[in-house]
Structures are given as structure tokens and as C-alpha cells.
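Residue-level listing of the chains:
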Amino acid sequence: MYARILWMHDLSPRADLCLGPVLALTKVTGASVILAHSTGKDDPHPTQSAGDERVARARLHLERISRELDLEGISAT
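Residues numbered from 1 in each chain as written. Predicted model: local features only at pLDDT ≥ 70, side-chain atom pairs only at ≥ 80, totals over all residues. Heavy atoms only, no water.

Colleague: Can you tell me about the side chain of H9, naming the residues and giving the values?
Modeller: Examined against the element boundaries, H9 turns out to sit in strand 1 (residues 4-9). Side chain to side chain, H9 and D16 meet in a polar contact 2.9 Å long. In contact with H9, other than residues within four places in its own chain, are A15, D16, A36, H37, S38, H61, L62 and I65. (Helix = DSSP H or I, 4+ residues; strand = E, 2+ residues; numbered from the N terminus. Polar contact = N/O pair within 3.5 Å; in protein donor to acceptor, adjacent residues only side chain to side chain. Contact = heavy atoms within 4.5 Å.)

Colleague: Residues and numbers for helix 2 (residues 19-29), please.
Modeller: L19, V22, L23, T26 and T29 are the residues of helix 2 that are buried. Down the axis of helix 2, the buried side of the element spans an arc of 145°, and every buried residue falls inside it. Projecting away from the buried face of helix 2 at angles above 90 degrees are the exposed residues P21, K27 and V28. Backbone geometry just downstream of helix 2 places G30 in the positive-phi region, at approximately 75°. (Buried < 20%, exposed > 50% of the residue type's maximum accessible area, 1.4 Å probe, protein only. Arc of directions from axis to C-beta.)

As C-alpha cells, then:
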């Protein structure tokens, strides 16, 4: 059915709520998960340091989700 599931994440609590459905879908299909971060339009001209901070925060958040998926036996990148 599905080989990969793309999970676009904006780091919001609402996006975190998708963990349950993503787990259910991967367990049924055997699919792996590709995690990606999307940014909002809150600051159309961020400074380099603000952008770097945002990327670091996103990386940490997605790494936590990846570890949770790994504990469930789901491959995530």
C-alpha cells in the first residue's frame, strides 16, 4: 500500500497530535516515515541567527519524534 509517509510538521501541539494516527497507519502498512518541518510566515525577513535558532529547534523536536517512532519499531528520517 504505502512505502513512505511524509509527515509535515510545524512544531505545533496540533501537529504533535498526529503521532497516534501516523503510528496506526505505519503499523497497518509497514511504511517508513519522512519527517519534515514547515515554517510559518510570522517573520518574512528573519535574521540569520533567528533562522539558525528556528532550524535548531525544529531539528530537536523532530529528533524527539523520530526517537518515539523508533521505540515503536517505525523507521523515520
